[in-house]
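These are the residues of each chain, in order.
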Amino acid sequence: MTAFLLNDTRVVERDGDPALTVLQYLRQRKRRTGTKEGCGSGDCGACTVVLGRVEQGRMCYETASACLTPLSALQGKQVITIEDLRQDGELHPVQQAVVDLHASQCGFCTPGMVMSLFVLQKQCSGWDRQQAEQALAGNLCRCTGYRPIMDAARQLCEHPIADSFTRQEARTVARLNALASEVAVEPSGEEQRCFMPTSLEQLVACYLRYPQARLLAGGTDLMLDMAQAVAAPPPTIALEQVEKLRNAYTDNNHIHLGAGLTITQCEQRLHAALPAFAQVLQRFA
Ligand code: FES
Ligand code: FES
């Protein structure tokens, strides 16, 4: 069972198919076809969506390649797609900047590009070209050229505008917190093929019971395997809800990084101690 907010609608999905990607779910089940499928393997950014989660009482937004993201990764999060940006009949400031600065031609990459710009304008505090390049590094455009796209990025960073997501932040935080406490995400019967333990104890119990299961953290390899495989996918155990696997701490001369951290989170935590290695991680994958 996966519970999340689809923009501002609470959704509980009981489909335990571990191979179901967010892209398939959005396009085929929700008919949200604004999110595009390009490469289908995490390389082009056409399928970029925004995932919002609560961090220290505030909303924190990140991009995700929907073609490689399992539905289970939405647990307790807000997923925002290109269809959600328009407000009161008006384009979102990010969309308006793309229009005004001619940052789109054929438009195939544009929904993904807009979602990455959306996250950039949430994270930036002023113009930083390197930050903008990093934010758009996963989005390929074959026809517009990046100069007008970077112009749009610059305008958004230099002139931040409070949008409806900012105005509704407190409400969204409260709803996501309620979602986390309302929904028990525990391994249950044999019929459930994607298990989501929430503690190390549950994880151990689940793995002992299903030793053939594949452990899923991020899933950039495993989801690709499953999406292209002909055979039925194996049961999976998603690690994302196990709080202890997202811990990072230093003791003596050791840095401990939980297996549930993303590469970006590792980079943030390694930046002070190992700046050169943190830089290498920007090139990872
Ligand atoms: S479709 Fe290309 S990254 Fe997802
Ligand atoms: S606008 Fe055509 S690929 Fe970007």
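Calculation notes
- Residues numbered from 1 in each chain as written.
- Chains lettered and ligands numbered in written order.
- Predicted model: local features only at pLDDT ≥ 70, side-chain atom pairs only at ≥ 80, totals over all residues.
- Heavy atoms only, no water.
- Domains from an automatic or database assignment.
- Salt bridge = Lys/Arg side-chain N within 4 Å of Asp/Glu carboxyl O.
- Helix = DSSP H or I, 4+ residues; strand = E, 2+ residues; numbered from the N terminus.
- Buried < 20%, exposed > 50% of the residue type's maximum accessible area, 1.4 Å probe, protein only.
- Pairing = 2+ DSSP bridges.
- Axes fitted to C-alpha atoms, helices over the stretch in contact; angles between N-to-C directions.
- Contact = heavy atoms within 4.5 Å.
- Core = buried A, V, L, I, M, F, W, Y, C linked by side-chain atoms within 4.5 Å.
- Parallel < 35°, antiparallel > 145°, perpendicular 65-115°, else oblique.
- Left-handed = near helix turned anticlockwise from the far one by under 90°.

What follows is about the domain arrangement of the protein chain. One can read the domain layout of the protein chain as domain 1 (90-162), domain 2 (194-244) and domain 3 (247-284). Placing the centre of domain 2 and that of domain 3 at their C-alpha centroids yields a distance of 23 Å.

Below, the discussion takes up the pattern of salt bridges. Opposite charge on two side chains permits pairing when their charged atoms draw close. For the coordinates displayed, the defined rule picks out 10 salt bridges. Notably, a salt bridge pairs Arg-32 with Asp-84, separated by 2.9 Å at the nearest N-O pair. Placement of the pair is Arg-32 in the loop between helix 1 (22-29) and strand 3 (48-55) and Asp-84 in the loop between strand 5 (78-80) and helix 2 (93-100), with a sequence separation of 52 residues. By relative accessible area, Arg-32 is classed as buried at 16%. Taking the relative accessible area as the measure of exposure, Asp-84 reaches 9% and is therefore buried. A salt bridge links Arg-58 to Glu-169; the shortest N-O distance between them is 2.8 Å. Of this pair, Arg-58 sits in strand 4 (residues 58-65) while Glu-169 sits in helix 7 (residues 169-182); the two residues are 111 residues apart in sequence, bridging distant segments of the chain. Judged by its relative accessible area of 12%, Glu-169 falls in the buried class.

Read from one edge to the other, the open sheet built from five strands follows the order 2-1-5-3-4, with strand pairing classed as mixed. Each end of this open sheet is capped by a strand with a single partner; those strands are strand 2 (9-13) and strand 4. In this sheet, adjacent strand axes meet at a mean angle of 30° when their direction is disregarded. Of the pairings in the sheet, the one linking strand 1 (residues 2-6) to strand 2 comprises five bridges and is antiparallel in character. Looking at the pairing, Ala-3 lines up with Val-12 of strand 2. The strands touched by helix 3 (residues 110-123) within the sheet are strand 3, strand 4 and strand 5, with strand 4 carrying the most contacts at an inclination of about 150°.

As paired strands, strand 9 (residues 248-251) and strand 10 (residues 254-257) are joined by four bridges and run antiparallel to one another. Its bridge partner being in strand 10, Ala-248 is matched across the sheet by Leu-257. Here strand 9 folds back onto strand 10 in antiparallel fashion, the turn holding two residues, of which Asn-252 has a positive phi close to 45°.

So, about the nonpolar core. Grouped together as the largest cluster of nonpolar side chains are 34 residues, with contacts concentrated most on Val-50, Tyr-61, Ile-80, Leu-85, Leu-117, Phe-118 and Leu-120. Elements with a minimum of two residues in this core: strand 1, strand 4, helix 2, helix 3, helix 5 (146-158) and helix 7. For this core, the element with the most residues is helix 3, which contributes seven residues. When near neighbours in sequence (up to four residues on either side) are disregarded, Val-50 contacts Tyr-61, Glu-62, Gln-78, Val-79, Ile-80, Met-115, Phe-118 and Val-119. In terms of nonpolar packing, the next biggest core, distinct from the first, is built from 25 residues, Val-22, Leu-26, Val-49 and Ala-64 among them.

For strand 3, the tally of buried residues reaches six of eight residues, placing the bulk of the element in the interior. Looking at chain direction, strand 3 and strand 4 are connected through eight bridges and run antiparallel. Across the sheet, residue Thr-48 finds its bridge partner in strand 4, namely Ser-65. Where strand 3 folds back onto strand 4 in an antiparallel hairpin, the turn is made up of two residues, including Gln-56, whose phi is positive at roughly 50°.

Another point: the sheet that holds strand 6 (residues 194-195). The sheet built from three strands is open, its strands ordered 6-8-7 with parallel pairing. Only two strands of the sheet have a single partner each, and these edge strands are strand 6 and strand 7 (214-216). Two elements, strand 7 and strand 8 (residues 236-238), share three bridges in a ladder whose sense is parallel. Within strand 8, the position partnered with Arg-214 by the bridge is Thr-236. Lying on the sheet, helix 8 (residues 200-209) is in contact with strand 6, strand 7 and strand 8; it crosses strand 8 at an angle near 175°.

Contact geometry for helix 3 and helix 5: axes closest at 9 Å, N-to-C directions at 30°. Regarding the angle of helix 3 to helix 5, the classification is roughly parallel. Helix-helix and strand crossings are classified by hand; for helix 3 and helix 5 the assignment is right-handed. Along its contact with helix 3, which presents Met-113, Leu-117, Leu-120 and Gln-121, the element helix 5 presents Tyr-146, Ile-149, Ala-153, Leu-156 and Cys-157.

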